[in-house]
Amino acid sequence: MSRIRNLDLRLIALPLVRPFRTSFGEDTTKDAILLRLETDVAEGWGECVAGPEPGYSEEFNEEAWITLRDHIAPRILDSDISSEELADALAGVRGHPMAKATVEMALLDAELRAAGRSLAEHLGAERDRVACGVSVGITSTVEELLRQVEGYVSEGYQRIKLKIEPGTDVERVRAVREANPDMLLSVDANAAYAPEDVDVFRALDELELLMIEQPLFYEDLLQHAKLQREIRTPLCLDESIRSAADAAAAIELGACRIVNIKQGRVGGLLEAKRVHDVGLSAGVPVWCGGMLETGIGRAANLALAGLPGFTLPGDTSASRRYFREDLTDPFVLDEDGTMAVPAGPGLGVVPHADRVERATVRLERLGKN
Ligand code: NPQ
Ligand code: MG
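Just so we're clear, the structure is a prediction, and the values are computed from it rather than from any experiment.

1. Points about the domain arrangement of the protein
Right, so step 1: By domain assignment, the protein separates into domain 1 (4-116 + 352-367) and domain 2 (121-340).
Right, so step 2: For domain 1 versus domain 2, the distance between C-alpha centres works out to 23 Å.
Right, so step 3: Across the contact, 33 residues belong to domain 1 and 43 residues belong to domain 2.
Right, so step 4: When domain 1 packs against domain 2, close to 3,400 Å² is buried across both sides, 61% of that on carbon and sulfur atoms.
Right, so step 5: The largest share of the area that domain 1 buries against domain 2 comes from Phe20, Arg21 and Tyr56, three residues that together contribute 21% of it.
Right, so step 6: Counting the contacts that link domain 1 with domain 2 gives three salt bridges.
Right, so step 7: Notably, a salt bridge pairs Arg21 with Glu165, separated by 2.5 Å at the nearest N-O pair.
Right, so step 8: Counting across the domain 1 and domain 2 interface gives 19 residue pairs in polar contact (both at pLDDT 80 or more).
Right, so step 9: Those elements that place two or more of their residues in the side of domain 1 that touches domain 2 are strand 1 (4-22), strand 2 (25-39), strand 3 (43-47), helix 2 (83-89), helix 3 (97-115) and helix 13 (353-359).
Right, so step 10: Ranked by residues supplied to the side of domain 1 that touches domain 2, first place goes to strand 1 with nine residues.

Structural data, given as structure tokens:
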């Protein structure tokens, strides 16, 4: 048992190689909280997947910071709580899955580093390379979209996902489909549509899509189940699935036939594994989502994506998809569209101190130091 001695909370800003636009907003930098956790025997890193605005979910950086500093840190500092015990120790903090997941990642990294074991091995990963896809933001023109898609296809990505919103959907997706007849292609609406938009989904249903991700309001499983009965294309839920219990409910209701798993959205890697287990036992394919993570969170995603139920290419893109210079050594896409699962102890990556310093906007040290 080792004692958690201190926590460094850090807000970083890392320029994106191109703006990323979704139905809920546009980002030109990746603004995220990094956590460095120090125990008696090891250090560990965690990355929070929240962004600057509560656009994807309720969580956002400033509130996650306060939650981590004022409600999570006091429950674990100077304790010997393990990653297995963390959820119980944080039971008094309701919600805030992204903030909780940040600490869990850092604690797992420290524990596994001390034990000399990889996160992938700990979670039960069974492969050392994973199939990768890429998420393409909403562009100003069809031409620009086609150009970006062509670039990613030539890099080897095995699946292209297009962000859509009302008014920028069927025509765009059809153009990409016509230019790429055999490509695994999906769309993600980030909850921007209403049940009345069913004709949009009937039109998309003609384009042989792998899936339609989170078309409707995130709290509405019933309407997703109704929409799924109207179309052949599998629905995939992202924002709606916050736990293994949500996944079980969505699957039983017929609200989706595929599940996107993001460790941050479900409160951590251990719950993400349980969501995976629900999918695996129900015969529902799962895949690893992405939140524009730096190399720290990217390493965690790749470890998770090595589990056997992850049978579809993830949003586990290469570092260069997002950053000119990642905080860690870059994750690189192989020509066959796969990436290596990190094999070293813990997350298997450590951020470069100088790059972290340069990206830091704010730093607060918690604990005795
Ligand atoms: C999704 N990600 O699947 C998310 C949405 C998303 C890769 O499509 C800052 C932080 C900006 C997190 C933009 C992808 C973001 C973000 C989009 C997540 O729905
Ligand atoms: Mg999504």
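2. Concerning the sheet that holds strand 1
Right, so step 1: Strand order in the open sheet formed by four strands is 3-2-1-13, and the pairing between neighbours is antiparallel. In this open sheet, the two strands that pair with only one neighbour each are strand 3 and strand 13 (360-367). Neighbour-to-neighbour, the strand axes of the sheet open up by a mean angle of 20 degrees, direction not taken into account.
Right, so step 2: Two elements, strand 1 and strand 13, share seven bridges in a ladder whose sense is antiparallel. Looking across to strand 13, one finds that Leu7 is bridged to Leu366.
Right, so step 3: Contacts from helix 3 reach strand 1, strand 2 and strand 3 within the one sheet, and its direction differs from that of strand 3 by about 150 degrees.

3. Some points on the site of ligand 1
Right, so step 1: Looking at ligand 1, there are 19 residues lining it, with Ser135, Lys161, Lys163, Asn190 and Gly290 nearest.
Right, so step 2: Notes on ligand 1: free accessible area 450 Å², of which the protein chains cover 97%.
Right, so step 3: The set of elements that each furnish at least two residues to the shell around ligand 1 consists of strand 1, strand 2 and strand 6 (159-163).
Right, so step 4: Its residues assigned to classes, the shell around ligand 1 shows six nonpolar, four polar and nine charged.
Right, so step 5: Counting contributing residues, the shell around ligand 1 receives three or more from each of domain 1 (4-116 + 352-367) and domain 2 (121-340).

4. A closer look at unusual backbone geometry
Right, so step 1: You will see that Asp78, though not glycine, has its phi angle at about 65 degrees, which is positive.
Right, so step 2: Its place among the elements puts Asp78 in the loop between helix 1 (61-76) and helix 2.
Right, so step 3: Looking at Asp78, the relative accessible area reads 42%, which means it is partly exposed.
Right, so step 4: Backbone geometry at Leu292 places phi at a positive 60 degrees, although glycine is not the residue there.

5. Observations regarding the packing of helix 5 (residues 142-155) against helix 6 (residues 170-179)
Right, so step 1: It is at 10 Å that the axes of helix 5 and helix 6 come closest, and there the two elements cross at 40 degrees. Considering their axes alone, helix 5 and helix 6 lie oblique with respect to each other. Here helix 5 and helix 6 pass one another in a crossing that is right-handed. Mapping the contact onto sequence places Val142, Leu145, Leu146 and Val149 in helix 5 and Arg172, Ala175, Val176 and Ala179 in helix 6.
Right, so step 2: Split into classes, the residues belonging to the contact of helix 5 with helix 6 amount to seven nonpolar, no polar and one charged.

6. Points about the coordination of the magnesium ion (ligand 2)
Right, so step 1: In this structure, Asp188 (OD), Glu213 (OE) and Asp238 (OD) serve as the protein donors to the magnesium ion (ligand 2), at separations of 2.1 to 2.2 Å.
Right, so step 2: Counting gaps between the donor residues of the magnesium ion (ligand 2) yields the pattern D-x24-E-x24-D. With Asp188 in strand 7 (residues 184-188) and Glu213 in strand 8 (residues 211-213), this residue pair connects regions lying 25 residues apart in the sequence. Of the two residues, Asp188 and Glu213, both sit in the buried class.

7. Remarks on the pattern of salt bridges
Right, so step 1: On inspection of all chains with the given rule, the structure shows 32 salt bridges.
Right, so step 2: Note that Arg202 is salt-bridged to Asp199, the shortest N-O span being 3.3 Å. Of this pair, Arg202 and Asp199 both sit in helix 7 (residues 198-204), three residues apart, roughly one helical turn.
Right, so step 3: In this structure Asp199 comes out as exposed when scored by relative accessible area, which is 55%.
Right, so step 4: One continuous salt-bridge network, built from bridges that share partners, spans Arg159, Lys161, Lys163, Asp188, Glu213 and Asp315.

8. Observations regarding the sheet that holds strand 5 (residues 133-136)
Sheet strands line up and pair through hydrogen bonds in the backbone, either parallel or antiparallel.
Right, so step 1: The strand order 5-6-7-8-9-10-11 describes an open sheet built from seven strands, whose pairing is parallel. Only two strands of the sheet have a single partner each, and these edge strands are strand 5 and strand 11 (286-288). Neighbour to neighbour, the strand axes of the sheet diverge by 25 degrees on average, direction disregarded.
Right, so step 2: Strand contacts of helix 6: strand 6 and strand 7, with the helix running at about 170 degrees to strand 7, the strand carrying the most contacts.

What counts, and where the lines are drawn
The written sequence of each chain sets the order in which its residues are numbered from 1. Lettering of chains starts at A and numbering of ligands starts at 1, both following the order in which they are written. Given that this is a predicted model, residues contribute local features only at a pLDDT of at least 70 and side-chain atom pairs are listed and counted only at 80 or more, while totals for whole chains, interfaces and linings are drawn from all residues. Side-chain metrics in this entry use all non-hydrogen atoms of the structure; hydrogen atoms and water are not considered. What counts as a domain boundary in this text is fixed by an automatic or database domain assignment. Between two residues, a contact is recorded if the distance between any of their heavy atoms is within 4.5 Å. Simply put, the buried area is the total loss of 1.4 Å probe accessible area from both parts when two parts are fitted together. By definition, a salt bridge exists where a carboxyl oxygen of Asp or Glu is found within 4 Å of a side-chain nitrogen of Lys or Arg. Counted as a polar contact is a pair of N or O atoms within 3.5 Å, where, for protein atoms, one must be capable of donating a hydrogen and the other of accepting one, and residues adjacent in sequence contribute only when both atoms are in side chains. Helix and strand assignments follow DSSP, with helices taken as H or I runs no shorter than four residues and strands as E runs no shorter than two, numbered in order from the N terminus. Strand pairing is assigned whenever DSSP identifies at least 2 bridges connecting the two strands. Fitted lines through C-alpha atoms serve as axes, helices being fitted only where they are in contact, and the angles separating the N-to-C directions of these axes extend from 0 to 180 degrees. The near set for a molecule or strand comprises every residue that places at least one heavy atom within 4 Å of it. Accessibility throughout is a Shrake-Rupley quantity obtained with a 1.4 Å probe, and a residue counts as covered only by protein chains that appear here. Note on residue categories: nonpolar means Ala, Val, Leu, Ile, Met, Phe, Trp, Tyr, Cys or Pro, charged means Asp, Glu, Lys or Arg, and polar means any other residue, Gly included. Relative accessible area decides the class of each residue, using a 1.4 Å probe on protein chains only: under 20% of the type maximum gives buried, over 50% gives exposed, and in between gives partly exposed. Oblique is the label for any angle not under 35 degrees, not over 145, and not in the 65 to 115 range, which are roughly parallel, roughly antiparallel and roughly perpendicular in turn. Take the far helix as the reference: if the near one is turned anticlockwise from it by less than a right angle, the crossing is left-handed, and if turned clockwise, right-handed. Each metal's donors comprise the N, O and S atoms found within 2.8 Å of it (within 3.2 Å for Na, K or Ca). Water is not part of the atom list, so some coordination spheres may appear incomplete.

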